[in-house]
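Per-entry structural report
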Amino acid sequence: VANLKGTIKLDGVQLGLVGEIIKLFKQKGSRPMAMNFLRASEEHLKQHCIDLKDHPFFPGLVKYMNSGLIMVMVGEGLNVVKTGRVMLGETNPGDSKRGTIRGDFCIQVGRNSTHGSDSVKSADKEISLWFKPEELVDYKSCAHDWVYE
Ligand code: UDP
Ligand code: MG
């Protein structure tokens, strides 16, 4: 069981994808633990994207994510980091299969709606960047025994 940290970027909120994305993760057995809507500061977003700081698209990515509301969420489930990446699709929506979030709802790489942690290690780091420990609610989902053997 591992954590997934997902940020829904601006166009994910603007296009009304939030409910859809929560539903998809819930449907695939992920237990929501925390969620927040906010406008993140450029500084905070730079920290979030720090591994990409040397890429030419970095300033544009930070500016775009800072230009309005984002939604961040943490979910827990078996292999959820790996499964979550499959559900997002490829980085470039043009390479993403139908049935994935980016494949179904997005067109261009710089407007791909969603972020998903790429490893459990980066998920842990990102969770602590966006949430305080006491904001993560631990509980047993009533669906647990129907989803997991
Ligand atoms: N990105 C971009 N242009 C590129 C590559 C990436 O605008 O040529 C943006 C895109 O929004 C992507 C984000 O930078 O989601 C982070 O890139 P990463 O390689 O981590 O892809 P991801 O993990 O989101 O699939
Ligand atoms: Mg990434």
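Residues numbered from 1 in each chain as written. Chains lettered and ligands numbered in written order. Predicted model: local features only at pLDDT ≥ 70, side-chain atom pairs only at ≥ 80, totals over all residues. Heavy atoms only, no water.

**Regarding the overall build of the protein chain**
Helix and strand counts for the protein chain come out as 8 helices and 4 strands. Secondary structure of the protein chain in N-to-C order comes out as β-α-α-β-α-α-β-α-α-β-α-α. Relative to the compact-globule value of 15 Å for 149 residues, the protein chain shows a C-alpha radius of gyration of 15 Å, a close match. In terms of overall dimensions, the protein chain has C-alpha extents of about 45 × 35 × 25 Å along its principal axes. Buried positions account for 42% of the 149 residues belonging to the protein chain. Intrachain contacts of the protein chain at a sequence separation of at least 6 include 76% that bridge at least 24 residues. Surface summary for the protein chain: the accessible area is close to 8,800 Å², and the carbon and sulfur share equals 55%. One finds the centroid of the 20 positive side-chain charges in the protein chain at a distance of 3 Å from the centroid of its 18 negative side-chain charges. (Helix = DSSP H or I, 4+ residues; strand = E, 2+ residues; numbered from the N terminus. Rg over C-alpha atoms; globule rule 2.2 N^0.38 Å. Buried < 20%, exposed > 50% of the residue type's maximum accessible area, 1.4 Å probe, protein only. Contact = heavy atoms within 4.5 Å. Areas by Shrake-Rupley, 256 points an atom, 1.4 Å probe, with all protein chains shown as cover. Lys, Arg positive; Asp, Glu negative; His and termini not counted. Charge placed at Lys NZ, Arg CZ, Asp CG, Glu CD.)

**Things to note about the pattern of salt bridges**
Tallied over the full model, the rule gives 5 salt bridges. Measuring nitrogen to oxygen at the nearest pair gives 3.7 Å for the salt bridge that ties D54 to K53. Accessibility expressed as a relative area gives 69% for D54, which makes it exposed. Relative accessible area serves as the criterion here: at 46%, K53 is assigned to the partly exposed category. Ionic contacts of the salt-bridge type, sharing partners, join the residues R31, E76 and D138 into one network. (Salt bridge = Lys/Arg side-chain N within 4 Å of Asp/Glu carboxyl O.)

**Quick look at the site of ligand 1**
In the vicinity of ligand 1, the residues found are K9, L52, F57, L61, R85, T91, R102, V109, G110 and N112. Within the side chain of R85, an N or O atom sits 2.8 Å from an oxygen atom of ligand 1. In this structure, V109 approaches ligand 1 through a main-chain N or O atom, which is 3.1 Å from an oxygen atom. The fraction of the free accessible surface of ligand 1 (510 Å²) that becomes covered by protein chains is 74%. Tallied by class, the residues present in the shell around ligand 1 amount to 4 nonpolar, 3 polar and 3 charged. (Near = heavy atom within 4 Å. Polar contact = N/O pair within 3.5 Å; in protein donor to acceptor, adjacent residues only side chain to side chain. Nonpolar A, V, L, I, M, F, W, Y, C, P; charged D, E, K, R; others polar.)

**Concerning the confidence of the model for the protein chain**
Mean pLDDT over the protein chain stands at 91; residues scoring 70 or higher make up 95%. Element-level mean pLDDT values for the protein chain span from 61 in strand β1 (residues 2-8) up to 96 in helix α3 (residues 42-48). (pLDDT = per-residue confidence, 0-100.)

**Looking at the UniProt feature "domain: Nucleoside diphosphate kinase-like" (unreviewed entry) in the protein chain**
Taking the UniProt record as the reference, the feature "domain: Nucleoside diphosphate kinase-like" (unreviewed entry) is found at residues 8-138. Annotation note: span residues 8-138, helix share 43%, strand share 15%, distance between end C-alpha atoms 22 Å. (UniProt positions renumbered as here; feature names shortened; annotations may be inferred.)

**Some remarks on the UniProt feature "binding site: ATP" (unreviewed entry) in the protein chain**
The feature "binding site: ATP" (unreviewed entry), as annotated in UniProt, sits at K9, F57, R85, T91, R102 and N112 in this numbering. Here F57 lies in the loop between α3 and α4 (58-66). By secondary structure assignment, the location of N112 is in the loop between α6 (101-105) and β4 (114-116). Judged by its relative accessible area of 3%, N112 falls in the buried class. If we skip the residues at most four places from it in the chain, N112 touches K9, D11, T91, P93, R102 and C106. Of note is the side chain of N112, whose polar atom sits 3.0 Å from the backbone oxygen of T91.

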